[in-house]
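Residues per chain, in single letters:
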Amino acid sequence: MTDPAVSTAPRLGLALGGGGARGLAHVHVLTALDDLGIRPAAITGCSIGALIGAAAAAGLSGAEIGDEVLAALGRPADVWGKIWKLRPRNLAEIAGGLPLFDPEAVITEFLPASVPEDFSGLVIPFSVVAADFYGTAEVEIAAGPVRRAVAASIALPALFRPVEEGGLTLIDGGVVNPLPFDRLPDGLDLVVAIDVVGTPVRPDKRRLPSAREAIFGASQILMQALIAEKLKSRRPDILIRPPVDGFAALDFVKARDILAATAGLREEVKAAVGRRLEAAA
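Rules and cut-offs
Residues numbered from 1 in each chain as written. Predicted model: local features only at pLDDT ≥ 70, side-chain atom pairs only at ≥ 80, totals over all residues. Heavy atoms only, no water. Salt bridge = Lys/Arg side-chain N within 4 Å of Asp/Glu carboxyl O. Helix = DSSP H or I, 4+ residues; strand = E, 2+ residues; numbered from the N terminus. Core = buried A, V, L, I, M, F, W, Y, C linked by side-chain atoms within 4.5 Å. Buried < 20%, exposed > 50% of the residue type's maximum accessible area, 1.4 Å probe, protein only. Contact = heavy atoms within 4.5 Å. Pairing = 2+ DSSP bridges. Arc of directions from axis to C-beta. Polar contact = N/O pair within 3.5 Å; in protein donor to acceptor, adjacent residues only side chain to side chain. Axes fitted to C-alpha atoms, helices over the stretch in contact; angles between N-to-C directions. Parallel < 35°, antiparallel > 145°, perpendicular 65-115°, else oblique. Nonpolar A, V, L, I, M, F, W, Y, C, P; charged D, E, K, R; others polar.

Asks: Any chance you could explain the pattern of salt bridges here in plain terms?
Replies: Side-chain pairs of opposite charge can arise where the charged atoms are in close proximity. All told, the structure shown has 14 salt bridges when counted by the stated rule. A salt bridge links K270 to D35; the shortest N-O distance between them is 3.5 Å. Within this pair, whereas K270 is found in helix α9 (residues 265-280), its partner D35 is found in helix α1 (residues 26-36), the two being separated by 235 residues in sequence. Among the ionic pairs, E117 bridges to R147, the shortest N-O distance being 3.4 Å. With E117 in the loop between α5 (103-110) and β5 (126-132) and R147 in helix α6 (residues 146-154), this residue pair connects regions lying 30 residues apart in the sequence.

Asks: Sorry if this is basic, but what is going on with the nonpolar core here?
Replies: Taken as a class, soluble globular proteins show a tendency for nonpolar side chains to be buried jointly. Judged by nonpolar contacts, the single largest core of 71 residues is most densely connected at L14, L24, I52, I65, V150 and V273. Considering every element that reaches this core, the biggest residue donor is helix α2 (residues 48-57), with eight residues. If near-sequence neighbours (up to four positions away) are discounted, I52 is found in contact with L16, G23, L24, H26, V27, L30 and I65. Judged by nonpolar contacts, the second largest core, of 13 residues, contains A42, L184, V197 and M223.

Asks: Would you explain the pairing of strand β9 (residues 190-194) in this entry?
Replies: As a general feature of sheets, a regular strand has side chains that alternate between the two faces. The buried fraction of β9 amounts to five of the five residues, a majority that puts the element mostly inside the structure. Side chains L190, V192 and I194 of β9 all project onto a buried face; the interleaved residues V191 and A193 project onto the opposite face, where all are buried too. Pairing of strand β1 (residues 12-16) with β9 involves five bridges; the strand directions are parallel. What sits directly across from L12, in β9, is L190. Bridging between β9 and strand β10 (residues 238-240) involves three bridges; their strand directions are parallel. From the neighbouring strand, A193 faces β10, where its bridge partner is L239.

Asks: What's the story with α5 in this structure? I'm lost.
Replies: One full turn of an α-helix is made of 3.6 residues, so residues set three or four places apart face in the same direction. Looking at α5, one finds that the buried residues are P103, V106 and I107. Down the axis of α5, the buried side of the element spans an arc of 100 degrees, and every buried residue falls inside it. The distance from a side-chain oxygen at the start of α5 to the backbone nitrogen of E104 is 3.0 Å, and the residue carrying that oxygen is D102.

Asks: Would you mind showing me how to read the environment of L184 here?
Replies: Mapped onto the elements, L184 comes out in the loop between β8 (168-172) and β9. For the pair L184 and L111, spaced 73 residues apart in sequence, the C-alpha to C-alpha distance is 23 Å. Apart from the residues within four sequence positions on either side, L184 is in contact with G13, L14, A15, A42, I43, T44 and V191.

Asks: Mind showing me how you'd approach the pairing of β8 here?
Replies: Summarising burial for β8: four of the five residues are buried, a large majority. The pairing of β5 with β8 spans three bridges and is classified as antiparallel. Bridging from a neighbouring strand, A131 pairs with I171 of β8. Direction of pairing for strand β7 (residues 163-165) relative to β8: antiparallel, over a ladder of three bridges.

Asks: Looking at this model, I keep getting lost on unusual backbone geometry. Mind explaining?
Replies: Working note: non-glycine residues mostly have negative phi, and peptide bonds are mostly trans. Although it is not a glycine, S47 adopts a positive phi angle of roughly 60 degrees. On the basis of relative accessibility, which here comes to 10%, the residue S47 falls in the buried class. Notably, T136 is not glycine yet its phi reads approximately 45 degrees, a positive angle. Mapped onto the elements of the fold, T136 is located in the loop between β5 and β6 (137-141). Using a relative accessible area of 69% as the deciding quantity, one classes T136 as exposed.

Asks: What exactly am I supposed to notice about the side chain of S153 here?
Replies: Its place among the elements puts S153 in helix α6. Here S153 falls in the buried class, since its relative accessible area comes to 0%. At 2.8 Å, the side chain of S153 forms a polar contact with the backbone nitrogen of S47. Every residue in contact with S153, bar those within four places of it in the chain, is listed here: G45, C46, S47, A50, V128, V129, A130, D172 and G173.

Asks: Help me out: how do you make sense of the packing of α2 against α6 in this one?
Replies: The packing of two helices is summarised by the inter-axis angle and the distance between the axes. Interaxial distance between α2 and α6 falls to 8 Å at its minimum, and their mutual angle equals 155 degrees. Comparing their axes, α6 and α2 come out roughly antiparallel. For the pair formed by α2 and α6, the contact residues are I48, A50, L51 and A54 on the first element and V146, V150, S153 and I154 on the second. Residues of the contact of α2 with α6, tallied by class, amount to seven nonpolar, one polar and no charged.

Shown next as structure tokens:
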């Protein structure tokens, strides 16, 4: 667990964006803040950013979260074994001809056991973003069961079942706010946002995208458009975009490769935050 004595000054807000497996790069951001002795005053997350943000809000250090990631995803055979265990088992779990995974079961399998059940047990203020499917609106969740909230935030259509909560049908927050730095509270000294959406991967220039590639690629285009539009009117103090374009949203079996390819993010974040603090001083 992170040392409770770690300084909370300056008051830094951290927004961890959505992007599937590319979001494993968030681990390096948390490690960089640990190096600087800075514990975020508030964290918000979307999709994979919600999952990693929940672990950070529970008090796990970047190194501890990295260890958890490698323990869960470091061996492809283990990943496929978990996917097989979590697969839909009956016709009732298949909607519209597509087998949809239960996102809460996935979160329970992959989120560290030390993360408390309820938001009230977190040591850092935390919120996640999901989308109200029928209300066509953004929903911020900052209270209640943590795993259910994170499950709603990752419930990407065509992969996960929607999550029913509070009378709402919730899906992945990336379709409304893939980089939710605007959900951080007022009064922070510094807002850091990590955009891991990336661009669609084209492994073979001789062919068109498959149906799955088209679905997830279209999701990336949507998220990039949403982020670009929001940045026209409001920007975080620090915006970081890790080198994740070579990885697809579902490349979780490449966890080690993603962490290796984005390792430089640790020093990039330290330098960017350091410059802002020096300028403020």
